[in-house]
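Spelled out from the first residue to the last, the chains are:
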Amino acid sequence: MSTQLLVGGRVYSSGSPDATAMAVTEGTVVWLGADGPGRALYPDAEIVELDGAFVAPGFVDPHVHVTSLGLQLIGLDLAGADSLAECLELVRAHAAAAAEAVIIGEGWDETRWPERRPPTVAEIDAAVGPGRVAYLVRADAHSAVVSTALLDAVPGVDAAVGFTRGEPLRAQAHHLVRAAALDRLDRAHRDRARRAALDHAASRGVVAVHECAGPQITGRADVAELLEFSHGVQVRAYWGEAVRTAEEARALVAELGVHGLAGDLFVDGSLGSHTAWLRDRYADRDGTGIGYLDADTVTAHIRACTEAGIQAGFHAIGDAAIDAVVQGFSRVAAEVGGPAVAARGHRIEHAELLDARQIAALAEYGVIASVQPGFDAAWGGPDGMYAARLGAERAAALNPFAAMASAGISLALGSDAPVTALEPWAAVRAAAHHRTPGHRISPRAAFAAATRGAWRAGGVRDGIAGTLEPGAPASYAVWDAADLVVAAASDKVQRWSTDPRSRVPGLPPLDPGVELPRCLRTVHRGTVIYEA
């Protein structure tokens, strides 16, 4: 068996916090320690000089839309547009240069623009030219504006729920036009997008992603093609479609080849598109959003998946949506017992607006929360989109990571890319510097949620995945990083934990404005999947 010995670095390991060297044999970490003993113990090993670099467990992103992320990377990225005028100019320039059958743009956000409104159909038609099909999806992916040619290609869209003339398409109307737009892409284009997305993930130190697919997102063909696609980044696929019986659950998993019936099974939509399901009305619009699934449907899905031994889960953002999820778990736990429910490791995605009662219930039933700190970084704060949608007081309650972790909810930290950027260190920083101070968790806790916690969210509960300890898979990233520090959520703990005698492993500094680590190499189970 061949052994590789990494020397001259700084290795993030709770069991060996002073390690400068790590030995890997057949894709497994077998030893950590100092350089000298390592060279003596493994005299025939292949030596890898780290030159002071930082070695840490590879990230796992538990909520990604691979093809959509890739389309943003290789196509029309509107996330950087700072005004409606700039957005339309980006669309115009892309349309002039593009020859594809459909123009797909990702990431516009009118709440950041001085005009404070989305593009109109007429403005899109003028930008892309007559007869061109264009689909421009909002940053949250729950609404879109499209060209006349695309509207005309979807019969009955004007009668669908979510269609209001002169406004972005939401709900069913949006799902219909999204499917029509994506169906116009050929396999080669989709594969090019997947390659770009997974290459990007590997370049950010990510060794695995969870694809959150579903019939309203990219459809069955996309998830089937993604599972066929060969890449060094591991893909775990979820399918968001409700079932009513264990037999139906097993059949659907077998048919699609997916790993669970979780991810983006929509109980509601998003705050940005006014489709998150709330108990009380929005502050800036009439209505309380949209509930896609009621408590009875949620209950049936949890019961079916629990009986079938399949991981279930839901997309739920608003407090009314989370009420439906909690009610479903409570009903099933009353039928089969809390331990039987908790044993499945069911999930909730986003879980943004929830109270202490809901947090306690989710913790009791062992529900794993897949959360996205980038949401708060992008839209939180007293002047952000959340405050505009909900009012400052309700907005300040969003994404209570500290309360969730304190209650015993296992957190998995990701991006929902392309909704927010797939930049794991930025997500860790956002969790540690939440815009509501009381919701912050320590950088170490956030890092654990982006590594060990994310593996756990994917059903890996061996206690070593996402660590660098003997016996763990050699899935790691090598980083060009500044001096390591130990930071905590309170000054009192920080004074203790920065004492060298505490033997707490350090992380790169993640203060706002500080340059984030740069990935030099990503390795998954001993195989290099990215080299800078």
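The structure presented is a predicted model; accordingly, all values stated were derived computationally and were not measured. (Residues numbered from 1 in each chain as written. Predicted model: local features only at pLDDT ≥ 70, side-chain atom pairs only at ≥ 80, totals over all residues. Heavy atoms only, no water.)

**A short note on the pairing of strand E19 (residues 476–480)**
Taken across its five residues, E19 has four buried, putting it largely inside the fold. Direction of pairing for E19 relative to strand E20 (residues 518–524): antiparallel, over a ladder of five bridges. Following the sheet pairing, Trp 479 is matched in E20 by Cys 519. (Buried < 20%, exposed > 50% of the residue type's maximum accessible area, 1.4 Å probe, protein only. Helix = DSSP H or I, 4+ residues; strand = E, 2+ residues; numbered from the N terminus. Pairing = 2+ DSSP bridges.)

**Observations regarding the confidence of the model for the chain**
Here the chain averages 95 in pLDDT, and 97% of its residues register 70 or above. Taken as a whole, residues 490–498 scores under 50 in pLDDT and shows 11 contacts with residues more than four places along the chain or in a different chain. (pLDDT = per-residue confidence, 0-100. Contact = heavy atoms within 4.5 Å.)

**Describing the sheet that holds strand E14 (residues 234–239)**
Taken together, the three strands give an open sheet; going across it, the order is E7-E13-E14, and neighbouring strands pair in parallel fashion. Edge strands, defined here as strands with exactly one partner in the open sheet, are strand E7 (59–64) and E14. Looking at each pair of strands side by side, their axes are set apart by 15 degrees on average, direction ignored. Here strand E13 (residues 206–213) pairs with E14 via six bridges, running parallel. Note on E14: the bridge partner recorded for Glu 211 is Ala 237. Packed on one face of the sheet, helix H8 (residues 219–228) meets E13 and E14 and runs near 155 degrees to E14. (Axes fitted to C-alpha atoms, helices over the stretch in contact; angles between N-to-C directions.)

**Side note on the nonpolar core**
Counting residues in each nonpolar core, the largest one holds 67 residues, and the members touching the most others are Val 209, Val 267, Phe 314, Ile 348, Met 404, Leu 411 and Trp 479. Take this core: its biggest share by element is eight residues, from helix H11 (residues 319–336). Ignoring any residue separated from it by four or fewer positions in sequence, one finds Val 267 in contact with Trp 277, Ile 290, Gly 291, Tyr 292, Leu 293, Val 298, Phe 314, His 315, Ala 316, Ala 321, Ala 324 and Val 325. In this structure, Ile 104, Val 157, Phe 163 and Leu 169 belong to the second largest nonpolar core, which totals 22 residues. (Core = buried A, V, L, I, M, F, W, Y, C linked by side-chain atoms within 4.5 Å.)

**Concerning the packing of helix H9 (residues 246–256) against helix H10 (residues 295–308)**
At a closest axis distance of 7 Å, the pairing of H9 and H10 adopts a crossing angle of 70 degrees. When the axes of H9 and H10 are compared, the pair comes out roughly perpendicular. Contact with H9, carried on its side by Ala 246, Ala 249 and Arg 250, involves Ala 304, Glu 307 and Ala 308 of H10 and no other residues of that element. In the contact of H9 with H10, the residues fall into four nonpolar, no polar and two charged. (Parallel < 35°, antiparallel > 145°, perpendicular 65-115°, else oblique. Nonpolar A, V, L, I, M, F, W, Y, C, P; charged D, E, K, R; others polar.)

**Remarks on the pattern of salt bridges**
Pairs may arise between side chains of opposite charge once their charged atoms sit close together. Scanning the entire structure with this criterion turns up 30 salt bridges. Note that Asp 222 and Arg 194 form a salt bridge whose closest N and O atoms lie 2.8 Å from each other. Placement of the pair is Asp 222 in helix H8 and Arg 194 in helix H7 (residues 187–203), with a sequence separation of 28 residues. Judged by relative accessible area, Arg 194 falls into the buried class, the value being 0%. Ionic pairing is found between Glu 349 and Arg 347, a salt bridge with its closest N-O pair at 2.9 Å. Judged by its relative accessible area of 0%, Glu 349 is buried. Residue classification places Arg 347 among the buried residues on the basis of a relative accessible area of 0%. In the salt-bridge network here, residues are joined through shared partners; they are Arg 187, Arg 190, Asp 191, Arg 194, Asp 222, Glu 225 and Glu 228. (Salt bridge = Lys/Arg side-chain N within 4 Å of Asp/Glu carboxyl O.)

**Let's talk about the packing of aromatic side chains**
Tallied over the entire structure, the rule returns 13 aromatic pairs. Between Phe 375 and Trp 379, the ring centres sit 5.5 Å apart and the planes meet at 50 degrees, which makes this aromatic pair tilted. One end of the pair, Phe 375, and the other, Trp 379, are both in helix H14 (residues 373–379), four residues apart, so they sit about a helical turn from each other. We note that Phe 375, like Trp 379, is buried. (Phe/Tyr/Trp six-rings, centres within 6.5 Å; stacked < 30°, edge-to-face > 60°.)

**Some thoughts on the side chain of Thr 67**
Mapped onto the secondary structure, Thr 67 falls in helix H2 (residues 66–74). Given a relative accessible area of 5%, Thr 67 falls into the buried group. A polar side-chain atom of Thr 67 sits 3.3 Å from a polar atom in the side chain of Arg 194. With residues up to four places along the chain from it excluded, the contact list for Thr 67 reads Arg 190, Ala 193, Arg 194 and Asp 222. (Polar contact = N/O pair within 3.5 Å; in protein donor to acceptor, adjacent residues only side chain to side chain.)

**Focus on H8**
Restricting attention to buried positions, one finds in H8 the residues Gly 219, Asp 222, Val 223, Glu 225 and Leu 226. All buried residues of H8 lie within an arc of 160 degrees about the axis, which places them on one face of the element. (Arc of directions from axis to C-beta.)

**Concerning unusual backbone geometry**
A cis amide bond, omega 15 degrees, links Ala 417 with the succeeding residue Pro 418. Along the polypeptide, Pro 418 turns up in the loop between strand E18 (411–413) and helix H18 (424–432). Residue Ala 171 is not a glycine yet carries a positive backbone phi of 50 degrees. Note on placement: Ala 171 falls in helix H6 (residues 171–182).

**Digging into the sheet that holds strand E12 (residues 169–170)**
Note: strands within a sheet are paired through backbone hydrogen bonds, in either parallel or antiparallel orientation. Within the open sheet, the five strands sit side by side as E8-E9-E10-E11-E12. Their pairing is mixed. At either margin of the open sheet sits one strand with a lone partner, and together these are strand E8 (76–77) and E12. Sheet analysis places strand E9 (residues 102–108) next to strand E10 (residues 133–138), joined by six bridges and oriented parallel. Directly across from Trp 108, in E10, lies its bridge partner Arg 138.

**Let's talk about H6**
Taking 1.5 Å of rise per residue, the 12 residues of H6 would be expected to cover 16 Å, and the 17 Å separating its terminal C-alpha atoms lies within 8% of that figure. The buried fraction of H6 is high, at nine of 12 residues. (Expected span 1.5 Å × (residues − 1).)

**Some words on the packing of H18 against helix H19 (residues 443–450)**
In contact at an axis separation of 8 Å, H18 and H19 are set at 135 degrees when each is read in the N-to-C sense. Regarding the angle of H18 to H19, the classification is oblique. Handedness of the crossing formed by H18 with H19: right-handed. Counted together, Trp 425, Val 428, Ala 431 and Ala 432 of H18 and Pro 443, Ala 446, Phe 447 and Ala 450 of H19 form the full contact between these two elements. Within the contact of H18 with H19, the residues separate by chemical class into eight nonpolar, no polar and no charged. (Left-handed = near helix turned anticlockwise from the far one by under 90°.)

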